[in-house]
Amino acid sequence: MRKSACSRSLGLLAGTFMLAGVASAAWAEKHAFEMTIEDTRMTLVDKQTFHTFAFNGQVPAPLIHVKEGDEISVHVMNLTSLPHSIHWHGLLQRGTWRQDGVPGVTQEAIKPGEDFTYTFVAEPSGTLWYHCHVNVNEHVAMRGMWGPFIVDPVKPVALERKVTKDYILMLSDWSSEWAEKPGYGGVPGDVFDYFTINGKAFPDSQPIRVSKGDVVRMRLIGAGELTHSIHIHGHIFKVAFKDGRPLPQPFEADTIMVGPGERYDLIFEADNPGRWMIHDHVDSHTMNGEKPMGGLMAVIEYSEIANDDAFYDWKDKQFEPDFYYEESLKKAHGMHEAKVFKGQAIQ
Ligand SMILES: [Cu+2]
């Protein structure tokens with residue numbers, strides 16, 4: 001439950017208190033989340049399967065969406081046959097460094113059949129994410145162990161207050177050579193031959209549906225091994241946030257390089273009705289294996305334009321809402337799963 005404006009102002013009067021050495025706002029909410037890590041299979045473009053270690057059985061992992069200063073606990077149960085951990089990428093862990101999720105440095109990895117509870121305060125604000133920190137070369141690069149962690153700021157900047165449509169795009173790369181060899185892969189020299197937005201390759205990605213006048217925010221997260229050069233047709237966007245931090249002077253662009261681990265929040269006005277590509281301009285990342293016109297591509301569709309052109313690849317598209325977490329982001333703060341990301345359980 002969100003607190004009322006009244007209790008919020010009481011909190012302001014009370015100021016802040018210290019919890020386990022961490023400054024925490026008196027009005028902060030407490031969230032307790034349950035998470036499993038499961039052997040799961042995903043299938044790309046109806047043909048290429050990948051064995052994943054999926055948080056709650058989904059790739060990408062569930063959205064965690066909270067407010068700056070909230071107190072978070074996540075109870076993680078490892079149901080796979082390999083060790084894992086969770087690193088909360090971008091969270092400061094002030095006074096809670098043992099919650100940083102790095103095996104051999106801040107904790108022992110969570111062994112198969114064992115569990116671990118992470119406890120920390122959500123700070124700073126911004127587009128953050130979480131991922132396994134055991135054998136990241138395999139578990140992050142090709143087993144889908146990542147999800148978005150969005151922390152709403154106590155004081156939003158003017159530009160983000162105008163946003164009407166909020167989307168998350170997690171970018172990643174897959175090497176089919178290791179697809180069904182869990183415990184192996186992610187080594188120098190690997191050939192990446194599948195490329196995804198939120199775990200799906202075109203044409204299995206989804207349209208981004210806007211209307212003229214919307215102010216669109218796209219939160220790009222580099223979750224994979226490679227760098228992606230994201231280009232949007234028909235629009236000039238403002239690069240407004242880097243790694244969750246508001247830029248003092250947002251700059252205009254139509255293409256932005258997103259490296260592994262990086263986040264960029266783009267904000268633009270939907271002022272040009274049409275059908276517009278958003279895609280990786282590293283051209284080989286728009287392939288599915290050896291087949292061109294796939295991979296890291298999607299279409300921005302305006303509601304003002306009909307989608308019935310005979311040539312349109314997505315004229316008969318089965319629309320899956322929440323593919324960019326756009327519905328989950330509207331819900332109350334908490335952890336939100338999405339059916340569209342669920343894989344197939346491996347017994
Ligand atoms: Cu792992």
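Just so we're clear, the structure is a prediction, and the values are computed from it rather than from any experiment. (Residues numbered from 1 in each chain as written. Predicted model: local features only at pLDDT ≥ 70, side-chain atom pairs only at ≥ 80, totals over all residues.)

1. Thoughts on the overall build of the protein
When its secondary structure is counted, the protein shows three helices and 25 strands. Its C-alpha atoms give the protein a radius of gyration of 20 Å, near enough to 20 Å, the size a compact globule of 347 residues would have. Once the C-alpha set of the protein is aligned to its principal axes, its extents read approximately 60 × 50 × 30 Å. Every one of the 347 residues in the protein was classed for burial, and the buried ones make up 43%. Counting only contacts in the protein whose residues sit at least 6 apart along the sequence, the fraction spanning at least 24 positions is 73%. (Helix = DSSP H or I, 4+ residues; strand = E, 2+ residues; numbered from the N terminus. Rg over C-alpha atoms; globule rule 2.2 N^0.38 Å. Buried ≥ 20, exposed ≤ 12 C-beta atoms within 10 Å, placed from the backbone. Contact = placed C-beta atoms within 7 Å.)

2. Brief notes about the sheet that holds strand β9 (residues 126-131)
Read across the sheet, five strands follow the order β7-β9-β10-β5-β24 without closing on themselves; strand pairing throughout is mixed. Whereas interior strands pair on both sides, the edge strands pair on one side only; in this sheet they are β7 (87-89) and β24 (334-336). In this sheet, adjacent strand axes meet at a mean angle of 20° when their direction is disregarded. (Pairing = 2+ DSSP bridges. Axes fitted to C-alpha atoms, helices over the stretch in contact; angles between N-to-C directions.)

3. Things to note about the environment of Gly274
Structurally, Gly274 can be placed in the loop between β19 (263-269) and β20 (275-280). Those residues in contact with Gly274 that lie beyond four places of it in its chain are Gly234, Tyr302 and Ile305.

4. Points about the nonpolar core
Counting residues in hydrophobic clusters, the biggest one holds 82 residues, and the most contacted among them are Trp146, Phe149, Leu169, Leu171, Leu220, Ile221 and Leu266. Counting contributing residues, this core receives three or more from each of domain 1 (5-152) and domain 2 (158-320). Filtering out sequence-adjacent residues up to four positions away, Leu220 remains in contact with Leu169, Leu171, Ile230, Val258, Arg263, Tyr264 and Leu266. (Core = buried A, V, L, I, M, F, W, Y, C linked by C-beta atoms within 7 Å. Domains from an automatic or database assignment.)

5. Examining the pairing of β19
Counting buried positions along β19 yields six of seven residues, so the element is predominantly enclosed. Note that strand β14 (residues 215-222) and β19 share seven bridges and pair antiparallel. Among the inter-strand pairings, Ile221 is bridged to a residue of β19, identified as Arg263.

6. Side note on the domain arrangement of the protein
When its domains are assigned, the protein resolves into domain 1 (5-152) and domain 2 (158-320). Using only C-alpha atoms to locate each centre, domain 1 and domain 2 end up separated by 23 Å. Contact residues are listed per partner, giving 25 residues for domain 1 and 35 residues for domain 2. Secondary structure elements with two or more residues in the side of domain 1 that touches domain 2: β3 (30-44), β4 (48-55), β9, α2 (136-139) and β10 (146-152). Taken together, the residues of the side of domain 1 that touches domain 2 break down into 14 nonpolar, 10 polar and one charged. (Nonpolar A, V, L, I, M, F, W, Y, C, P; charged D, E, K, R; others polar.)

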